[in-house]
Amino acid sequence: MKIAILGVGNLGYSIALGILSQDQIEYESLYLSKRNIESLKSWDNIPKVRITTDNAKAVRNSEKIIIAVQPSQLNSILNEIKEDLNPKKHTIISVVTGRKIEQIAEIVGKDIPIIRSMPNTAISVGQSMTCLSANGSGKKNIECAKTIFNALGKTLFIEEELMQAATVICASGIAFWMRLIRATTQGAVQLGFDADEAQELSVQTCLGAASLLVKSGNHPEKEIDKVTTPSGCTIEGLNEMEHQGLSSSLIKGLVASFEKINQI
Ligand SMILES: NC(=O)C1=CN([C@@H]2O[C@H](COP(=O)(O)OP(=O)(O)OC[C@H]3O[C@@H](n4cnc5c(N)ncnc54)[C@H](OP(=O)(O)O)[C@@H]3O)[C@@H](O)[C@H]2O)C=CC1
Ligand SMILES: O=C(O)[C@@H]1CCC=N1
């Protein structure tokens, strides 16, 4: 596979890190493109990696074109590369929030295979949850996207209408879970642990909770039932959190985030 990432910012960089640190994606070359390449200088000596400011050159030398720029930057980059795109050679994989496949096709043409994807920054450590959708010709090429993203976490193919919701749950979700981990860490410090210990306790417990669900397939409430001793401290804490609106505030936050995407 010849891969290009156009727009190596927070997410593009995470995708590149993920690709470079695994051995399941057999890439012949990895072009990394941004306007200011100073931050990528240290990657210049990595075998098969090419750093450039020339998006068209990256496209000409690649097959799978991952576009990871801000939504407001998308149209100009598509206009810059459209003459170099060939439907028999290229597949566009956009990670751009809130931009539909048909909006991309309007600029590059309907024949170009287009896959819209929504990974998260945990892709850098091979633990992304990535949702995928595609146009007609994109669906024929979907295996290439699955090869990339399955090597870097899990994938789910979804209807494009659900992509905004997937963005909130999976991509923004990393920030939401970080804040929950930070809050439990702060609680642990208040209860007597030093900051490093507090974070270790919080992170490992979070990982343990997620692993229980992954391994068992159980509903969270079933695992909660195993922890909440009658009249015990867990149910006391849990009920106080709910009295203070824990679930309600999380759901309201997700809905606010979802409503914002429609304005981007
Ligand atoms: N961050 C996240 O967790 C997630 C982000 N997304 C989506 O991914 C996209 C990127 O987000 P994020 O990485 O956070 O944004 P960043 O602003 O960090 O990255 C965008 C990058 O694009 C580069 N860029 C801008 N214009 C061009 C151009 N014409 N040619 C080449 N490179 C260009 C910029 O670098 P320079 O200025 O040097 O060119 C910048 O590094 C967005 O659409 C976002 O909504 C989706 C899921 C998760
Ligand atoms: O906050 C944002 O708009 C982008 C999309 C999901 C993660 N970051």
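Fair warning: this is a prediction, and the values are worked out from it, not measured in the lab.

Even after reading the chapter, I still don't get the overall build of the protein, so can you show me in this structure?
Secondary structure summary: the protein contains 11 helices and eight strands in total. Seen along its three principal axes, the alpha-carbon backbone of the protein occupies a region of about 70 × 40 × 30 Å. Across the 264 residues of the protein, 30% fall into the buried class. Restricting the contact set of the protein to residue pairs at least 6 apart, pairs at least 24 apart contribute 65%.

Sorry, what's going on with the site of ligand 1 here?
Residues in close proximity to ligand 1 total 26 residues, the closest being Gly7, Gly9, Arg35, Thr97 and Ala171. Broken down by element, the shell around ligand 1 gets its largest block of residues, four residues, from helix α3 (residues 71–81). For the shell around ligand 1, the per-class residue count stands at 11 nonpolar, 13 polar and two charged.

What should I look at first to understand the UniProt feature "domain: Pyrroline-5-carboxylate reductase catalytic N-terminal" (unreviewed entry) in the protein in this one?
Summarizing the sequence annotation, UniProt attributes the feature "domain: Pyrroline-5-carboxylate reductase catalytic N-terminal" (unreviewed entry) to residues 2–97 in the numbering used throughout. Helix makes up 29% of residues 2–97 and strand makes up 23%, while its end C-alpha atoms are separated by 24 Å.

Could you clarify how one ought to interpret the nonpolar core in this entry?
Side chains that are nonpolar tend, in soluble globular proteins, to be buried together. Within the largest apolar cluster, 50 residues are counted, with the highest numbers of intra-cluster contacts made by Ala4, Ile5, Leu6, Ile66, Ile67 and Ala68. With five residues, helix α1 (residues 10–20) is the single largest residue contributor to this core. Setting aside chain neighbours within four positions, we find Ile67 in contact with Leu6, Gly7, Leu74, Ile77, Ile92, Ser94, Val95 and Val96.

Explanation requested: the site of ligand 2 in the structure shown.
By nearness alone, every residue bordering ligand 2 is listed as Thr97, Thr167, Ala171 and Ser172. Here the residues of the shell around ligand 2 are counted per class, giving one nonpolar, three polar and no charged.

I tried to follow the domain arrangement of the protein on my own but got confused; where do I start?
Quoted interface sizes are often the accessible area lost when the parts come together. The domains assigned to the protein are domain 1 (2–158) and domain 2 (167–261). Taking only C-alpha atoms into account, the centre of domain 1 sits 33 Å from that of domain 2. On the domain 2 side, the residues contacting the eight residues of domain 1 number six residues. Along the lines of polarity and charge, the residues of the side of domain 1 that touches domain 2 split into four nonpolar, four polar and no charged.

Even after reading the chapter, I still don't get the sheet that holds strand β1 (residues 2–6), so can you show me in this structure?
A sheet is described by the order of its strands in space; here eight strands give the open sequence β3-β2-β1-β4-β5-β6-β7-β8, paired in mixed fashion. The open sheet has two edge strands, β3 (49–52) and β8 (153–157), and neither has a second partner. In this sheet, adjacent strand axes meet at a mean angle of 20 degrees when their direction is disregarded. Bridging between strand β7 (residues 128–134) and β8 involves five bridges; their strand directions are parallel. Looking across to β8, one finds that Leu132 is bridged to Phe157. Each of β5 (91–94) and β6 (114–118) is contacted by helix α4 (residues 101–108), which is oriented at about 140 degrees to β6, the strand it contacts most.

Help me understand the packing of α3 against α4 in this model?
For any two helices packed against each other, the geometry comes down to the angle between their axes and how far apart the axes lie. Close contact between α3 and α4 brings their axes to 9 Å; oriented N to C, the two are set at 35 degrees. Our pair here, α3 against α4, has a crossing hand that is right-handed. Note on element contacts: α4 touches α3 through Ile104, Ile107 and Val108, opposite Asn75, Leu78 and Asn79. Residue composition of the contact of α3 with α4, grouped by class: four nonpolar, two polar and no charged.

Just to check I follow, could you spell out unusual backbone geometry for this structure?
Among all residues save glycine, negative phi is the norm, and among peptide bonds the norm is trans. The backbone of Lys48 shows a phi angle near 75 degrees, a positive value even though the residue is not glycine. A positive phi angle, near 60 degrees, is found at Ser231, a position not held by glycine. Following the sequence through the fold, Ser231 ends up in the loop between α9 (220–227) and α10 (233–243). Here Ser231 falls in the exposed class, since 7 other C-beta atoms lie within 10 Å of it.

Looking at this structure, how should I read the confidence of the model for the protein?
For residues with low pLDDT, the predicted coordinates do not support detailed interpretation. Taken as a whole, the protein shows an average pLDDT of 96; of its residues, 100% reach a score of 70 or greater. This prediction of the complex comes with two scores: 0.94 for pTM and 0.98 for ipTM.

Please clarify how the environment of Phe193 should be interpreted in this entry.
Within the fold, Phe193 resides in the loop between α7 (163–190) and α8 (195–216). A residue is classified by how many C-beta atoms lie within 10 Å of it, and Phe193, with 16 of them, is partly exposed. Here Phe193 is in contact with Ala188, Ala198 and Leu201, once residues within four sequence places are set aside.

What counts as what
Residues numbered from 1 in each chain as written. Chains lettered and ligands numbered in written order. Predicted model: local features only at pLDDT ≥ 70, side-chain atom pairs only at ≥ 80, totals over all residues. Helix = DSSP H or I, 4+ residues; strand = E, 2+ residues; numbered from the N terminus. Buried ≥ 20, exposed ≤ 12 C-beta atoms within 10 Å, placed from the backbone. Contact = placed C-beta atoms within 7 Å. Near = placed C-beta within 6 Å. Nonpolar A, V, L, I, M, F, W, Y, C, P; charged D, E, K, R; others polar. UniProt positions renumbered as here; feature names shortened; annotations may be inferred. Core = buried A, V, L, I, M, F, W, Y, C linked by C-beta atoms within 7 Å. Domains from an automatic or database assignment. Pairing = 2+ DSSP bridges. Axes fitted to C-alpha atoms, helices over the stretch in contact; angles between N-to-C directions. Left-handed = near helix turned anticlockwise from the far one by under 90°. pLDDT = per-residue confidence, 0-100.

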